Amino acid sequence: MTTDPLLHPYRLKHLTFKNRLMSTAHEPAYSEEGLPKERYRLYHAEKAKGGIAMTMTAGSAIVSRDSPAAFGNLQAYRDEIVPWLAELAEACHEHDCKVMIQLTHLGRRTGWNKADWLPVLSASPVREPAHRAFPKEAEDWDIERIIADYASAAQRMQAAGLDGIEFEAYGHLMDGFWSPATNHRNDDYGGALDNRMRFSNRVIDAVREAVGPDFVVGVRMVADEDLATGISRDEGIEIARRLAGSGKIDFLNIIRGHIETDAALADVIPITGMRSAPHLDFAGKVRSATGFPVFHAARISDVATARHAIEAGKLDMVGMTRPHIADPHIARKVAAGQEHRIRPCVGATYCLDRIYEGGEALCIHNAATGREATIPHVMTRTDDAPKRVVVVGAGPGGLEAARVAAERGHAVTVLEASGKAGGQINLAIQNPRRRELVGIVDWRLSELEHLGVTIRYDCWAEVEDVLALEPDVVVVATGGLPQSPPLKTGEELVISSWDLLSGAVKPAESVLVYDDNGGHPGMSVAEVAANAGARIELVSPERFFAPEMGGLNHVPYMRSFHEKDVTVTINTRLVAVRRDGNKLVATLGSDFAQGWRGERLVDQIVVEHGTMANDELYHALKPLAKNGGAVDYERLVGNGAIFPIANPDAAFMLLRIGDAVASRNIHAAIYDGIRFAMRI
């Protein structure tokens with residue numbers, strides 16, 4: 001028997017969870033035609049292989065046709081979903097991992113101009129800002145059919161062999177009836193709490209009648225909306241008590257906060273630089289008040305915090321959802337005494353921001369997540385003779401290439417021009433709020449030490465340095481260098497975001513930041529300069545600023561901008577710069593009105609226009625390489641040898657990755673690193 005509280009089994013009704021770790025419901029947007037096909041199944045099966053006790057699928061699966069998918073939601077109202085979920089459940093059950101699903105009617109948290117263009121509805125016609133929906137008030141016939149839809153959806157989940165379901169009751173239709181902020185009705189479903197709970201109680205009754213008394217049914221519920229007009233803490237705990245006392249549900253999954261704006265959502269789902277486990281104590285209070293099984297997840301990012309949550313009796317099952325996106329093998333590593341080898345969740349929330357912006361969930365530094373069909377989470381050694389691999393550059397892409405090549409059994413040497421690994425991550429973490437990103441580097445350095453990989457620092461690699469190592473494969477991961485946007489005049493008068501973030505140049509009193517890239521660097525340099533006391537105007541040619549960054553990451557920047565009185569100007573382009581005494585004049589132009597011009601008189605102009613590939617070494621090595629630097633892209637995304645042979649007498653293959661190819665982002669560099677290195 002283990003003494004680790006995280007590894008203790010937990011009994012819930014007839015189910016025995018082998019440990020206390022779970023992944024809470026979220027929609028990775030891997031569905032195809034609203035169904036959980038291969039990609040969806042493999043994603044959850046990987047967590048099962050990694051030792052997790054329970055994975056809650058969907059976030060949420062929709063029970064009715066007039067609840068159109070907001071971000072790839074599964075369609076629980078269709079019979080066709082049953083065999084696909086049955087496959088998923090079987091794949092997870094093979095590893096003794098329980099599988100449940102979250103069911104919902106999204107209510108007002110979706111758009112009317114999706115799917116079948118049916119009206120969005122809610123308890124009352126109160127607009128939801130995040131999805132800009134103006135809902136109609138649910139009528140009596142709406143209520144009756146939706147209750148029936150919940151019951152039939154639950155039956156489908158039971159038929160698929162799932163271990164249980166939970167209802168979503170935060171920001172969706174069910175709690176839309178609970179909350180005074182969204183329920184202004186004067187009929188039997190409005191007013192007193194008994195009335196506001198009538199809809200959810202009827203749903204639970206109908207579901208229990210449909211699935212019987214033994215099937216596990218829970219509620220993921222908001223127990224405090226943290227909103228003056230919403231569900232108070234006392235009323236939320238009372239709702240929890242009533243649900244627990246009904247005898248018709250089996251667990252509560254506790255949420256605190258409201259989610260109708262990006263700013264509010266970021267308090268519910270905190271990101272890097274925000275508090276760890278901010279609602280854990282509150283979830284523990286609900287558990288104490290109800291004496292009922294309680295699950296919870298909200299930035300419980302590390303095993304120590306998860307262990308505390310169980311040991312202190314705050315939770316019965318602890319949700320580590322984003323951490324399992326970063327490393328689906330957390331439980332296996334804890335059980336094996338390899339807690340130090342868990343790939344950390346750094347809170348970047350690249351995963352959720354992509355989902356909310358219409359993409360699919362991808363971890364900023366685990367490129368295998370969501371790509372399990374083609375990229376393994378655990379690398380196997382090559383069957384071929386080990387090769388000598390030289391990686392030039394110790395940024396995230398180079399470190400990943402080195403790690404994967406070493407895992408494959410190759411002899412790897414890394415050459416790094418500076419005295420420190422990390423590349424552009426070392427700039428990103430100069431913003432104190434984003435310092436957790438260093439975990440991307442630190443984890444890889446730890447893994448490379450474990451694998452016996454040599455890193456040579458302060459080595460500006462020339463062709464001779466590379467050839468002296470007699471490589472079979474050379475990976476050029478030299479990154480990029482800052483470049484200025486095209487200006488008519490004055491390029492020599494501006495500084496780059498790198499200059500300011502690195503500390504090479506201090507912010508002046510008045511600063512114009514011109515962001516022609518649309519991601520973190522421009523936003524971060526504005527935040528850092530504003531926090532240093534500069535008066536900032538952020539200018540962007542985009543129709544909305546920072547389009548390469550999602551809403552959750554947008555929140556802390558915007559909080560800082562409002563607190564520091566940063567001016568944001570969009571739809572405006574920096575055209576030229578000139579001196580005026582000790583000042584600089586920025587000439588601004590418009591893509592929309594060709595004759596329009598504006599001017600700003602400032603002390604300093606900082607520009608962000610991505611990077612230009614630092615590729616001199618690559619081009620010097622090209623004529624000496626067997627493949628001349630070429631890669632067969634069809635085989636890269638499929639099967640077969642990826643290096644076409646152009647010079648058979650040469651000694652090595654050559655490739656370049658990350659920003660050494662073109663300006664991209666951390667995930668792109670790491671994805672390059674793993675998918676190339678695993679094919680060496």
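Scoring rules and cut-offs
Residues numbered from 1 in each chain as written. Predicted model: local features only at pLDDT ≥ 70, side-chain atom pairs only at ≥ 80, totals over all residues. Heavy atoms only, no water. UniProt positions renumbered as here; feature names shortened; annotations may be inferred. Helix = DSSP H or I, 4+ residues; strand = E, 2+ residues; numbered from the N terminus. Rg over C-alpha atoms; globule rule 2.2 N^0.38 Å. Buried < 20%, exposed > 50% of the residue type's maximum accessible area, 1.4 Å probe, protein only. Contact = heavy atoms within 4.5 Å. Areas by Shrake-Rupley, 256 points an atom, 1.4 Å probe, with all protein chains shown as cover. Lys, Arg positive; Asp, Glu negative; His and termini not counted. Charge placed at Lys NZ, Arg CZ, Asp CG, Glu CD. Pairing = 2+ DSSP bridges. Axes fitted to C-alpha atoms, helices over the stretch in contact; angles between N-to-C directions. Parallel < 35°, antiparallel > 145°, perpendicular 65-115°, else oblique. Left-handed = near helix turned anticlockwise from the far one by under 90°. Patch = residues over 30% accessible without salt bridge, like charges linked within 9 Å, V, L, I, M, F, W, Y side chains within 5 Å. Salt bridge = Lys/Arg side-chain N within 4 Å of Asp/Glu carboxyl O. Phe/Tyr/Trp six-rings, centres within 6.5 Å; stacked < 30°, edge-to-face > 60°. Lys NZ or Arg CZ within 6 Å of the ring centre and 35° of its normal. Core = buried A, V, L, I, M, F, W, Y, C linked by side-chain atoms within 4.5 Å.

The name given to the protein in an unreviewed UniProt entry is NADH:flavin oxidoreductase, with the source organism recorded as Neoaquamicrobium sediminum. One UniProt comment on the protein, placed under Sequence similarities (unreviewed entry), says "In the N-terminal section; belongs to the NADH:flavin oxidoreductase/NADH oxidase family."

K.L.:
Can you walk me through the overall build of the protein in this structure?
P.N.:
Looking only at helices and strands, one finds 23 helices and 27 strands in the protein. Taking 26 Å as the expected radius of gyration for a compact globule of 680 residues, we find that the protein reaches 27 Å, a close match to that expectation. With the C-alpha coordinates aligned to their principal axes, the bounding extent of the protein is approximately 75 × 65 × 45 Å. Looking at the protein as a whole, 61% of its 680 residues are labelled buried. Across the protein, the fraction of contacts at a sequence separation of at least 24, relative to all contacts at a separation of at least 6, is 71%. Accessible area of the protein: about 26,400 Å², with a carbon and sulfur share of 48%. Positive and negative side-chain charges in the protein, numbering 74 and 90 respectively, have mean positions lying 1 Å apart.

K.L.:
Honestly, the sheet that holds strand S13 (residues 388–392) in this entry has me stumped. Any pointers?
P.N.:
Backbone-to-backbone hydrogen bonds join strands into a sheet, with any given pair of strands oriented parallel or antiparallel. Pairing is parallel across the open sheet formed by five strands, whose spatial order is S15-S14-S13-S16-S27. The two strands at the open ends of the sheet, each matched to only one other strand, are strand S15 (454–456) and strand S27 (653–656). On average, adjacent strands in this sheet sit at an angle of 15 degrees to one another, irrespective of strand direction. Pairing geometry for strand S14 (residues 411–415) and S15, over three bridges, is parallel. The partner of Leu415 across the bridge, within S15, is Arg456. Against the sheet, helix H14 (residues 396–407) engages S13, S14, S15 and strand S16 (473–476), with an angle of about 165 degrees to S14.

K.L.:
Sorry if this is basic, but what is going on with the UniProt feature "domain: NADH:flavin oxidoreductase/NADH oxidase N-terminal" (unreviewed entry) in the protein here?
P.N.:
UniProt's entry tags residues 6–339 with the feature "domain: NADH:flavin oxidoreductase/NADH oxidase N-terminal" (unreviewed entry), counted in the numbering of this structure. Structurally, residues 6–339 comprises 36% helix and 17% strand, and the distance from its first C-alpha atom to its last is 12 Å.

K.L.:
Help me understand the packing of H14 against helix H16 (residues 438–451), please; the structure alone is not making it clear to me.
P.N.:
When two helices pack together, their arrangement is given by the angle between their axes and by how far apart the axes lie. Direction vectors running N to C along H14 and H16 enclose 30 degrees, while the axes themselves pass 10 Å from each other. With respect to their mutual orientation, H14 and H16 come out roughly parallel. At the point where H14 passes H16, the crossing takes the left-handed sense. Contacts between H14 and H16 involve Pro396, Leu399, Glu400, Ala402, Arg403, Ala406 and Glu407 from the first element and Ile440, Val441, Trp443, Arg444, Leu445, Glu447, Leu448 and Leu451 from the second.

K.L.:
Help me understand a negative patch on the surface in this model?
P.N.:
There is a patch of like negative charges on the surface, built from Glu462, Glu464, Asp465 and Glu616. Tracing the backbone shows Glu464 in helix H17 (residues 463–467).

K.L.:
How do you make sense of the pairing of S16 when you look at a structure like this?
P.N.:
Regular strands have side chains that alternate between both faces of the sheet. The alternating pattern of S16 places Val473 and Val475 on one face and Val474 and Val476 on the opposite face, and all of these are buried. Relative to S27, S16 is paired through four bridges, and the arrangement is parallel. Across the sheet, residue Val476 finds its bridge partner in S27, namely Arg656.

K.L.:
I keep staring at the pattern of salt bridges and nothing clicks. Help me out?
P.N.:
All chains considered together, the criterion is met by 47 salt bridges. For Arg109, the salt bridge goes to Glu128, with nearest N and O atoms at 2.7 Å. Separated by 19 residues along the polypeptide, Arg109 in the loop between strand S5 (98–104) and strand S6 (121–122) and Glu128 in the loop between S6 and strand S7 (136–137) bring together distant segments of the chain. As far as burial versus exposure is concerned, Arg109 and Glu128 are alike and both buried.

K.L.:
Sorry, what's going on with the sheet that holds strand S23 (residues 583–589) here?
P.N.:
The sheet built from three strands is open, its strands ordered S22-S23-S24 with antiparallel pairing. On the outer flanks of this sheet lie strand S22 (573–580) and strand S24 (597–602), each paired with one strand and no other. For this sheet, the mean inter-axis angle between neighbouring strands, taken without regard to orientation, is 25 degrees. Pairing geometry for S22 and S23, over seven bridges, is antiparallel. Paired with Arg573 across the bridge in S23 is Gly589.

K.L.:
Explain the environment of Leu12 to me, please; I cannot follow it from the model alone.
P.N.:
Tracing the sequence through the fold places Leu12 in strand S1 (residues 10–12). The sequence separation of Leu12 and Pro293 amounts to 281 residues, and the corresponding C-alpha distance is 8.1 Å. In this view, Leu12 contacts Phe17, Val216, Asp250, Phe251, Pro293 and Phe295; residues no more than four positions away in its chain are not counted.

K.L.:
Where do I start with the packing of aromatic side chains in this structure?
P.N.:
Aromatic ring pairs: the centre-centre distance and the angle between the two ring planes describe each pair. Enumeration over the complete set of coordinates arrives at nine aromatic pairs. The interplanar angle of 80 degrees and the centroid separation of 5.3 Å between the aromatic rings of Trp112 and Trp117 together place this pair among those described as edge-to-face. An angle of 65 degrees between the planes, with centres 6.0 Å apart, marks the rings of Phe177 and Tyr189 as edge-to-face. Of this pair, Phe177 sits in helix H4 (residues 173–178) while Tyr189 is found in the loop between H4 and helix H5 (193–196), placing the two residues twelve residues apart along the sequence. One exposure class covers both Phe177 and Tyr189, and it is buried. The rings of Tyr150, Phe167, Phe177, Tyr189 and Phe199 are connected pair by pair, giving a single aromatic cluster. Residue placement shows Arg433 over the ring face of Tyr557; its charged tip is 4.6 Å from the ring centre. Arg675 extends its terminal NZ or CZ atom over the ring of Tyr671, reaching a point 4.1 Å from the ring centre.

K.L.:
Is there a simple way to explain the nonpolar core in this structure?
P.N.:
Generally speaking, soluble globular proteins have nonpolar side chains that are buried together. Within the largest apolar cluster, 111 residues are counted, with the highest numbers of intra-cluster contacts made by Leu103, Phe167 and Met221. Broken down by element, this core gets its largest block of residues, eight residues, from helix H3 (residues 140–159). In this structure Phe167 touches Gln102, Leu103, Tyr150, Met174, Val203, Ile204, Val207, Val217, Gly218, Val219 and Arg220, once residues within four positions along its chain are discounted. Counting 47 residues, the second-largest nonpolar core is a separate cluster that includes Val346, Val389, Val475 and Met678.

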